[in-house]
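# Observations on the model geometry
Each chain is listed here by its residues.
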Amino acid sequence: MAALPAELLQRIVYFADHDTRKSLLTVSHGFQTFAEEATWPHELDVVSDNDIGQIARFTGRRARLLHRVSVAIKFPELRETREHWLKCRETAAELHANDVFFTRRIARVFDALKRVEESVLDPETIPRIELCIQGPVQRDNGEQPCDHRRYHSWRLHLLSPSALPILRCVRHLEVGVEIDDRVFGVACRQQRPVDLSVIVSLLTKLPSCKTLECADDHERMPYAFDSSPVLEHFTRPWEGPRRDSRHDFGRAVLLNLETLPALKGIDMRLGAFECIVDQSKPLPDLVSPEFSHDPVSSALRILSQGVVDFNVCLFGDSTLFWPPSPESQPTAMLVPDYDTTVTPPRLPSWPHLKRLKVELLPATPRGGWYFRGAREEARREVGYRVTRDGHYPPLEDNEADERWDVRWDQEWAREENVAPNVFRIVPVAEAVEGLLEAFARALGRMPVLEEAELSFKLYLYYEESDHPGDLRELTRYNQADVTEIRYGTVQCNEKWTWGVKYSALPGDSRRLEWRVGDWRPSERVLNLFRDAVGDVEEKWFNRPSKIVERD
């Protein structure tokens, strides 16, 4: 048996049944190697501290069998009884305890993986592991008098990230990908959001990581609860923690540039914009006062300059593609890739990028919009200032919460009029042209680009009996990718794609596809695209909407 070729041993194990494989484990070292490969799990789900001990089974030669570790961070269940009533609001001490729990779980997983890595004698055989940190969850026993503790805006932080060991075995990182409990598809119920800086802190400890995947549906706009202020109160995405998380991410990237891994792929969805959103409400300014441009967009631009695949969806601005001049940017630390004072000028560059897909949400990080209503005059919209007072969840119970608790008991989750008949479909020329100009400049710095797309998804939601104006006014701005869904006699949902796509075609030909209805960019912007991508075929789409009938 020992003289048999390895390929034959592997085939014997492959066709053997379960009981035979168990017997083969003791026949020879070769049989043991292939039998373990066929029977041992390649993925581990870490749900509790006890599960972390399972990682130790993969030390030594078995390390190669571990391909994926998925960490489900479940906080202890909140329990309320008649003898022990929970306060409506979390205190500062509880928030710190949450950070400690979160940090401890991450640290124990990192320590366990480090032991696996150190058990491998040959550096060439270090395992290639995918590490997934799922969205943290905290359930309750269902006896709470209100929902103040079920909808969270305070973000979890990683305490003392420098204490984490360096892991060379992790090649792929996922953070917050699974969101398993929502209300009306928007509000993340019982989910604890993670501060975006945690992503950067983890990456600095993963020097061999090549791809990053992230989802954060807590980056969202308020739901259209006009007729139900109770739901609007309880599900509010508080502006303060959201702004702080975005600022933390921008600072963390710039402060850790030298220790971040050379990523080859980035896939991030930082935001949720559903059709049931009242697009007339004022929005917060998530940029001021520390920055003059969006720190998330600027940081992602810098992170993307070594990647091959870049796929993002976010509330962003033009600095995702091109930095502002240092003279117009007080926070010059956010433009390390832009310096025209040296020769040759240092400009942003994407030498390896082949596939670029950017979906921007129609609201800007400053609280403005890229689009306006069909019958509305274009105007400069600026978001309201986020302050310490009024834009952070209270840390103590208060009389206002008590009144909301009473209303909750009376009204519960009743909701009406979630089709506010207020939406935006007409591009604001100043806003979108600045974005298109930056996109065109970036295209000129991507020498091996195969495909690039910049798009918006525009949502309409209304009752058929209250149709939003003249249909001809709507179809003027119709796009190529339009889906209109009817439920019975109620016309409820339209989703439009607005944007531009570049494709490198066979035979060195190129194409620009404009999905902008009858709107046209200025000749200056068109010339920037032509200069960036050379002689291209330009295709303009303006087709009528497609209607899908549903019973």
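All values derive from a computational prediction rather than experimental measurement.

Time to look at the overall build of the protein chain. When you go through the protein chain residue by residue, the secondary structure sums to 13 helices and 18 strands. Looking at the protein chain residue by residue over its 551 residues, the buried ones come to 54%. Partitioning the contacts of the protein chain with sequence separation of at least 6, the portion at a separation of at least 24 is 81%. Total accessible area on the protein chain stands at roughly 25,200 Å², and carbon and sulfur atoms take up 49% of it.

A separate point is the pattern of salt bridges. Evaluation of the coordinates by the stated rule reveals 33 salt bridges. A salt bridge links Arg68 to Glu130, with the nearest nitrogen and oxygen atoms 2.9 Å apart. Residue Arg68 is found in strand E2 (residues 68-71), and its partner Glu130 is found in strand E3 (residues 129-133); the two are separated by 62 residues along the sequence. The class of Arg68 is buried, set by a relative accessible area of 17%. In this structure, a network of salt bridges that share partners links the residues Asp49, Arg104, Arg105 and Arg108.

A few words now on the environment of Met221. Looking at the element boundaries, Met221 is found in the loop between strand E7 (211-215) and helix H7 (229-234). A relative accessible area of 3% means that Met221 is categorised as buried. With 62 residues separating them in the primary sequence, Met221 and Leu283 have C-alpha atoms 8.1 Å apart.

Moving on: the confidence of the model for the protein chain. Of the residues in the protein chain, 76% have a pLDDT of 70 or more, and the chain-wide mean is 81. Scored below 50 in pLDDT, residues 179-186 shows 27 contacts in the model against residues more than four places distant or in partner chains. Long-range and interchain partners of residues 543-551, a stretch whose pLDDT sits below 50, account for 22 contacts in this model, where long-range means more than four residues apart.

Burial analysis of helix H9 (residues 295-303) places 9 of its 9 residues in the buried class, which makes it a mostly covered element. Listing the buried residues of H9 in full gives Pro295, Val296, Ser297, Ser298, Ala299, Leu300, Arg301, Ile302 and Leu303. In this structure, the buried residues of H9 make contact with helix H8 (239-255), strand E8 (265-270) and strand E9 (309-314).

The description of an aromatic ring pair rests on the distance of the ring centres and on the angle between the ring planes. The full count for this structure, using the stated rule, is 12 aromatic pairs. A centroid spacing of 4.7 Å and a plane angle of 35° characterise the contact between Phe75 and Phe101, whose relative ring orientation is tilted. Of the two residues, Phe75 is situated in the loop between E2 and helix H5 (92-118) and Phe101 in helix H5; the sequence distance between them amounts to 26 residues. Its relative accessible area of 6% is what places Phe75 among the buried residues. Taking relative accessible area as the criterion, Phe101 reaches 21% and is therefore assigned partly exposed. Its guanidinium or amino end placed over the ring of Phe75, Arg192 lies 5.4 Å from that ring's centre, counting from NZ or CZ. Positioned above the aromatic ring of Phe315 is the side chain of Arg242, whose terminal nitrogen or guanidinium carbon lies 5.0 Å from the ring centre.

A few words on the pairing of E9. Looking along a regular strand, one sees side chains alternate from face to face of the sheet. Bridge count for E8 against E9 is 6 bridges, and the pairing is parallel. Pairing of Met268 across the sheet is with Val312, part of E9. In terms of strand pairing, E9 meets strand E10 (residues 355-360) through 6 bridges, oriented parallel. Bridging from a neighbouring strand, Val312 pairs with Val358 of E10.

Another point: the packing of helix H11 (residues 429-443) against helix H13 (residues 523-533). Look at H11 against H13: their axes get within 8 Å of each other, and the N-to-C directions meet at 15°. Judged by the angle between their axes, H11 and H13 are roughly parallel. Judged by the sense of rotation from one axis to the other, the crossing of H11 with H13 is left-handed. Taken together, the residues of H13 that come into contact with H11 (itself represented by Glu433, Leu436, Glu437, Phe439, Ala440 and Leu443) are Arg524, Val525, Leu528, Phe529, Ala532 and Val533.

This part takes up a negative patch on the surface. A surface patch of negative charge is lined by Glu396, Asp397, Glu399 and Glu402. With respect to the element layout, Asp397 can be found in the loop between strand E11 (371-372) and helix H10 (399-411).

The next point concerns H13. Restricting attention to buried positions, one finds in H13 the residues Val525, Leu526, Leu528, Phe529 and Val533. With its buried residues spanning 155° around the axis, H13 presents them on a single face. Looking at the residues trailing H13, positive phi occurs at Gly534, about 80°.

Here the largest pocket defines a volume of roughly 810 Å³. What lines the largest pocket is a set of 28 residues, among which Thr364, Tyr370, Arg380, Glu430 and Ala431 lie closest to the centre. A class-by-class count of the residues in the lining of the largest pocket yields 12 nonpolar, 7 polar and 9 charged.

This next bit is on empty space enclosed by the protein. Taken as a whole and judged by the stated rule, the model has 6 cavities of 30 Å³ or more. Quantified by volume, the largest cavity comes out at close to 180 Å³. If you go around the largest cavity, you meet 17 residues; those closest to its centre are Arg89, His148, Tyr151, His152 and Pro393. When its residues are assigned to classes, the lining of the largest cavity shows 7 nonpolar, 4 polar and 6 charged.

This part is about the side chain of Asn98. Here Asn98 is to be found in helix H5. Asn98 gets classed as buried once you look at its relative accessible area, which sits at 11%. Apart from the residues within four sequence positions on either side, Asn98 is in contact with Phe75, Glu90, Leu156 and Arg192.

Next up on the list: the side chain of Arg192. On the secondary structure map, Arg192 appears in the loop between strand E6 (187-188) and helix H6 (197-203). Polar side-chain contacts of Arg192 include one of 2.3 Å to the side chain of Glu90. Those residues within four positions of Arg192 in sequence are excluded, and the remaining contacts are Phe75, Glu90, Asn98, Pro136, Gln138, His152, Leu156 and His218.

Backbone torsion omega between Ser288 and Pro289 reads 0°, so that peptide bond is classified as cis. For Pro289, the location among the structural elements is in the loop between E8 and H9. Residue Ser160 is not a glycine yet carries a positive backbone phi of 50°. On the secondary structure map, Ser160 appears in the loop between E3 and strand E4 (170-175). Here Asp508, not a glycine, exhibits a phi torsion of approximately 65°, which is positive. Positionally, Asp508 belongs in the loop between strand E15 (490-505) and strand E16 (509-515).

The rules behind these values
- Residues numbered from 1 in each chain as written.
- Predicted model: local features only at pLDDT ≥ 70, side-chain atom pairs only at ≥ 80, totals over all residues.
- Heavy atoms only, no water.
- Helix = DSSP H or I, 4+ residues; strand = E, 2+ residues; numbered from the N terminus.
- Buried < 20%, exposed > 50% of the residue type's maximum accessible area, 1.4 Å probe, protein only.
- Contact = heavy atoms within 4.5 Å.
- Areas by Shrake-Rupley, 256 points an atom, 1.4 Å probe, with all protein chains shown as cover.
- Salt bridge = Lys/Arg side-chain N within 4 Å of Asp/Glu carboxyl O.
- pLDDT = per-residue confidence, 0-100.
- Phe/Tyr/Trp six-rings, centres within 6.5 Å; stacked < 30°, edge-to-face > 60°.
- Lys NZ or Arg CZ within 6 Å of the ring centre and 35° of its normal.
- Pairing = 2+ DSSP bridges.
- Axes fitted to C-alpha atoms, helices over the stretch in contact; angles between N-to-C directions.
- Parallel < 35°, antiparallel > 145°, perpendicular 65-115°, else oblique.
- Left-handed = near helix turned anticlockwise from the far one by under 90°.
- Patch = residues over 30% accessible without salt bridge, like charges linked within 9 Å, V, L, I, M, F, W, Y side chains within 5 Å.
- Lys, Arg positive; Asp, Glu negative; His and termini not counted.
- Charge placed at Lys NZ, Arg CZ, Asp CG, Glu CD.
- Arc of directions from axis to C-beta.
- 1 Å grid on protein atoms, 1.4 Å probe; cavity = no way out; pocket = protein on both sides within 12 Å on 5 of 7 lines; lining within 4 Å.
- Points joined across faces, edges and corners; volume = space filled by probe spheres on them.
- Nonpolar A, V, L, I, M, F, W, Y, C, P; charged D, E, K, R; others polar.
- Polar contact = N/O pair within 3.5 Å; in protein donor to acceptor, adjacent residues only side chain to side chain.

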